[in-house]
Structures are given as C-alpha cells and as structure tokens.
Amino acid sequence: MWTMPKPGLRTALGAGLLAGQAAVAVAGLRQGVPATHVAVVCWLTTSYSISGLIAWRHRPGNRFGPLMVLTGAAGLIGSLTWLPATVPHTIGQVADLLPLVLIVHVFLSYPSGRPAGRIERGLLAVGYAAAIGLQSVAVVLAFDTPLYQAELLVVSAVALAGAALMVARRRTRPLRRSLTVLIDAFTLGLVMIAVLLVVGVFGGPAFPAVQRVAIALLGVAPVVFLAGLLQARLARSSIGDLMVSLRADPADLGTPLARALRDPSLRLLYWLPEFDAWTGEDGRPAVLPGEPERVTVIEEKDAVVAALVHDPALHEESDLLAAVTAAAAIAVRNGRLQAQLRANVEELRGSRARVAEAGQRERRRLERDLHDGAQQRLIALSLNLGVLENRLGADPSSLALVREARAEITTSLAELRDVAHGLHPSVVSAHGLAVALESLAARAPVPASLAVDLPGRLAESVEVAAYYVVSECLTNIGKHAAATSATVRVSCDDGTLVIEVADDGRGGADAERGSGLRGLADRVETLGGRLRVRTPPGEGTRVRAELPCSLA
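Notes on the structure follow. Note that the structure is predicted; figures quoted are calculated from it, not measured.

Rules used throughout
- Residues numbered from 1 in each chain as written.
- Predicted model: local features only at pLDDT ≥ 70, side-chain atom pairs only at ≥ 80, totals over all residues.
- Heavy atoms only, no water.
- Helix = DSSP H or I, 4+ residues; strand = E, 2+ residues; numbered from the N terminus.
- Buried < 20%, exposed > 50% of the residue type's maximum accessible area, 1.4 Å probe, protein only.
- Contact = heavy atoms within 4.5 Å.
- Areas by Shrake-Rupley, 256 points an atom, 1.4 Å probe, with all protein chains shown as cover.
- Pairing = 2+ DSSP bridges.
- Axes fitted to C-alpha atoms, helices over the stretch in contact; angles between N-to-C directions.
- Parallel < 35°, antiparallel > 145°, perpendicular 65-115°, else oblique.
- Nonpolar A, V, L, I, M, F, W, Y, C, P; charged D, E, K, R; others polar.
- Phe/Tyr/Trp six-rings, centres within 6.5 Å; stacked < 30°, edge-to-face > 60°.
- Disulfide = S-S within 2.5 Å.

### Some points on the overall build of the protein
Here is step 1 of the chain: Within the protein, the regular secondary structure consists of 19 helices and 10 strands.
Here is step 2 of the chain: Going through the 552 residues of the protein one by one, you find that 42% of them count as buried.
Here is step 3 of the chain: Sequence-distant contacts, at least 24 apart, represent 68% of the contacts inside the protein between residues at least 6 apart.
Here is step 4 of the chain: Only carbon and sulfur atoms are counted for the fraction: they give 60% of the accessible area of the protein, which is about 27500 Å².

If you want it as structure tokens, here you go:
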C-alpha cells in the first residue's frame, strides 16, 4: 500500500524535482541545447511530477500518483545528458528511453496504478528490458550498432500494442465522459511514442521536430487527468442537485445517478427478497455482474436493498461514489417499491398469458372432441334415419316422425358447430386469419367491406385474438348499432397488428359495462396489446385493437 509522505516531505519532494529540472535546464542551455527542446522536456517532467503529487495526495492508497511522480523523475534523470560531466551524462544516456516506457506504464495502469492483466504486464516487461537492458549495452557500444535500432523498434511496438489495448478498452463498453477523453489522450500519447521511435530509427531531418511535438503532446495527458480530478471534486459538490433530481423523479433513479457519476453505463438494480432475485428499474429480472469492482452495494439497516453497476474506475473516486451512494440510499426505498410493483405486474402478466394459453389449448381440445365425437355421431344418426326413411315406404305418420327427427338433428348439428366454432375457430388454424375474416365478412349481419394487409401467417394466439375482435364487433353491430354498413381493416404496421372495425350506426356503446367488449379487451391485453373504443352518440362506433405482430 502506497502512503503519502507528510506535507513537509511532499513539499520538499516537489520542490526538489522542480529545482533539479531548472538546474539541469540552465546547464543544457549553456551547453547549446535548443531552448525549444529544453522547454518541452521541462514541460513533460513538470506535468507528470506535479500531477502525480496531486493524485498521490488525493488518493494516498493508489499507486497511480507515485507512478506519475516516478515518470517525472525519470524525465529529469534522462535530461542529465545535457550536462558535460561524464558520470551524469552517462546516467542520462542509460535512462534516455526509461521515461517513455514509464509513460506507457502510466497509461496502461490507469486508474489503479497496476497493469490490468497479463498482456499489459508482458508488454511492460518487454519495454523495461529494452529501455534498461538493451539501452545499457547500447551505451557501452556507443550506440553504433543495429542493437540500438532494434531497441527503438521494440519499444515502439510496445507503445503501439498499448494503443491497441486502449482502443479495445474504449469500445468494450460505454465509458464516463471524462474517462473517454483521458483514454483518448492516452491512446494519442502511445501513438506519438511509437511514431517518435520509428522516426528515430530511420533518422532524417524531421526527427527533432517530431521529437518536440511528441514530447509536448505526451505532457497533455497529465493535464487531462487533473481536469478529471477537478471534475470529480465539482461532482461531489453537486450532491445537493442530485438530491433534488432524485426527489423530483423518484421513478427514475438511474438517470440522475448516472449523470452525477458521469457514467452512462451505470445501472441501478434492486434486490427483491420475496423473489430471491435482482431486478432492474423496469421490473425485469437482472443478473449482478461477477466483477466486484463494477458493483457498489446499497444497504439499509444492514440489509442489501440495491446495487449500482458502474465503471470500475469509479472506485478510484471513493468520496464521490460514497456520496452518491448515500444520496441514492435515501431515495432507493421508494424506487425499490416501484420496482417490486413492476416485477409483480410482470409476474401477473406472465401468469395471465399462461392462463390464456392454457384456456386456448383446452378450447381447441374441446372443439376437436366435438368435431370428432358428437358431430360425427349426429351425422351418422342422420344418415341412418335417411336409410330408415327410404325403408318405411308409404307410412305417412312414420315418415313424418323420421323427417322431424332428421330436422332436429340438422338443427342440433348447426348449434353444435356454432358452439365448437365459439370455442376455437378452426378455420383460423387451417387457413389463416385473412381467409377466416373473409368468411366472417361474408356472414356479417350488415354489408361489411374488408381490407387485409398481412405479411404472412402470424402466431396462432394473435390470429385467434384478432378473429374474435372482428367477430364480436360484427355481432354487436348487428344486434345493437342499427347500422347499414361496416368496415374492417387489418394490417401490420411497424411490428404491430392493427385491427379497426367501424360502423355507421347510432354509437353510444358502453365499453365498460358491455361484457363482450370488456372480454375482448381482456383477451387483447393478455397478449400485451390494447383495445380502444370510440363511440360518440349518433356517429357510429370505431373499435381499434393493437397486438404484437409476431410472425408464426
């Protein structure tokens, strides 16, 4: 665990780095080092040193600040090449590439100061081996060897690989805005290191200009980091605004929390003990991520009530995260109750759908049993009576009784077919909704125009519900509307099956008291749809049903 030196030691450390860099810079100018080059190197060293000390002060348990300070100190050591004395000049040559590898280390270790995985650790091991081991050999050989060029190319490849990792991290999931800017700055810095070293291998007159531009840009990343720290402090001061937002819209806690933490990936999950499961704000089941660094649990009276799923980097802003979590805990009780209500509604909706499906299966079975059983027996009985009628000859009384029995059987068959059809419209299952609606329109009690525009067969439950909507509406028109005509339109529009039935009757239908329309509404809502009735007196009635247009 890194700890922050006492304020006096911290001041001494910062003053020592700045004084040492100033002294080396003056010596370099006296030795004829271009002032522009001295300025950009001092800028790089100072930006990392000061930013590291500030980060170390605000996050004393984090390695990132000390690592930045070490990078600034390495830049100071590398600039010892400006001194004429042999020993410091040689030390500066040995440490010449070390600041670049340390910068790669800084970028790949954000925010914890530790490399995230094996790939990062492997890249840094290669980089340090080249910047220290190969560089020492190159110094001994006076740089007049292909080994030095190979060393530059190796460090360049390490920087490019680090840039690729940054790009992958950028695209993996939504990042907080401040972190996005910082990652972009890190990526640009790694690319500049690679470009600088490649140009150094091949030489040329452009190298000094590229070197100064690259060093200047590498010093921008610490400034972006400091801006993020400042933004975090400002965010902590705006907790009052967060409380107002949470109170203004208790149904949506996730949005103000994400805004306060500047993390678009943030999700708020609730723990529902009665379901023994996590749920989102919409009431749907959710899974808590397995990475502890992405989760902050919210507790009430030592009981878990909710959790924030967020960017892992937020753990490095513990004060901000703690303040936002405390604010959320105050409002989360109402939000949890609403999430529980939504979960109950989802469970009720699922139960109602399962009940409706079970009822539909049972009606289909009854319709099939009636068709294959009672109807067939009545038909066979009618045929037998026909044979008996032919055999009776000229006995008028017997013939009258047989004919009367056959008429009763015909009537019973018609009634039985109507009952079976009411249980389940087999024409829908056999031929589809369009054909079934044509049959309904043909038998309608008033002239009915029909317009059907469907992409193909739909789910049977949807087709059956649509069929019953049209059937019930046409029946009501014949019984109650005193209409002279009706219009039926059925179409799929943007994933929704729209059924409209209108008449030119007297209107005034009561959708709440009428059991037929109320039953249709229940049937439609069970499938996740809705039914609306517009029935102004004297202007006819228009029924509009909307159902999910799921294809079979």
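### Digging into the sheet that holds strand β8 (residues 496-503)
The strands making up a sheet associate through backbone hydrogen bonding, with each pair oriented either parallel or antiparallel.
Here is step 1 of the chain: With respect to topology, 5 strands assemble into an open sheet ordered β6-β7-β8-β10-β9, the strand pairing being mixed. This sheet does not close on itself; its edge strands, each paired only once, are β6 (448-453) and β9 (530-534). Sheet twist, expressed as the average angle between the axes of neighbouring strands with direction ignored, equals 10°.
Here is step 2 of the chain: Sheet topology places β6 next to strand β7 (residues 486-493); 6 bridges connect them, and they run parallel.

### Points about the packing of helix α17 (residues 433-442) against helix α18 (residues 460-481)
Here is step 1 of the chain: With their axes 10 Å apart at the nearest point, α17 and α18 run at an angle of 10° to one another. As the angle between them shows, α17 and α18 are arranged roughly parallel. Contacts between α17 and α18 involve L433, A436, L437 and L440 from the former and E463, A466, Y467, V470, S471 and L474 from the latter.
Here is step 2 of the chain: Its residues assigned to classes, the contact of α17 with α18 shows 8 nonpolar, 1 polar and 1 charged.

### Examining the packing of aromatic side chains
Here is step 1 of the chain: Tallying each qualifying case throughout the model produces 7 aromatic pairs.
Here is step 2 of the chain: Here F64 and F225 contribute two aromatic rings whose centre-to-centre distance is 5.1 Å and whose plane-to-plane angle is 50°, an arrangement assigned as tilted. Within this pair, whereas F64 is found in helix α3 (residues 64-78), its partner F225 is found in helix α10 (residues 220-237), the two being separated by 161 residues in sequence. Considered together, F64 and F225 belong to a single accessibility category, that of buried residues.
Here is step 3 of the chain: Taken together, a centroid distance of 5.8 Å and an interplanar angle of 75° make the contact between Y110 and F186 edge-to-face. Of this pair, Y110 sits in the loop between α5 (98-109) and α6 (118-140) while F186 is found in helix α8 (residues 177-202), placing the two residues 76 residues apart along the sequence. Note on accessibility: Y110 and F186 belong to one class, buried.
Here is step 4 of the chain: Feature note: the residues F64, F107, Y110, F186 and F225 constitute an aromatic cluster, connected by ring pairs.

### Here we look at the environment of V428
Here is step 1 of the chain: Tracing the backbone shows V428 in helix α16 (residues 426-431).
Here is step 2 of the chain: Along the sequence, V428 and E460 sit 32 residues apart, while their C-alpha atoms lie 7.9 Å from each other.
Here is step 3 of the chain: When sequence neighbours within four positions are dropped, the list of residues in contact with V428 reads A436, R457, E463, V464 and Y467.

### Considering the state of the cysteines
Here is step 1 of the chain: On inspection of all chains with the given rule, the structure shows 1 disulfide.
Here is step 2 of the chain: Paired by a disulfide, C492 and C549 hold their sulfur atoms 1.7 Å apart. Torsion about the S-S bond of the C492 and C549 cystine: about 60°, corresponding to right-handed handedness. Here C549 lies in the segment after β10 (542-548) and C492 lies in strand β7, a separation of 57 residues in the sequence.

### Some words on the side chain of H37
Here is step 1 of the chain: Assignment of secondary structure puts H37 in helix α2 (residues 35-58).
Here is step 2 of the chain: In this view, H37 contacts W82, Q211, R212 and I215; residues no more than four positions away in its chain are not counted.

### What to know about the pairing of strand β5 (residues 303-309)
Here is step 1 of the chain: Counting buried residues in β5 gives 5 out of 7 residues, a clear majority hidden from the surface.
Here is step 2 of the chain: Alignment of strand β1 (residues 267-272) against β5, held across 4 bridges, turns out to be antiparallel. In the strand pairing of β5, L269 is matched with A307.
Here is step 3 of the chain: The pairing of strand β4 (residues 295-300) with β5 spans 6 bridges and is antiparallel. Within β5, the position partnered with E300 by the bridge is A303.
Here is step 4 of the chain: What sits between β4 and β5 in their antiparallel hairpin is a turn of 2 residues, with K301 showing a positive phi close to 55°.

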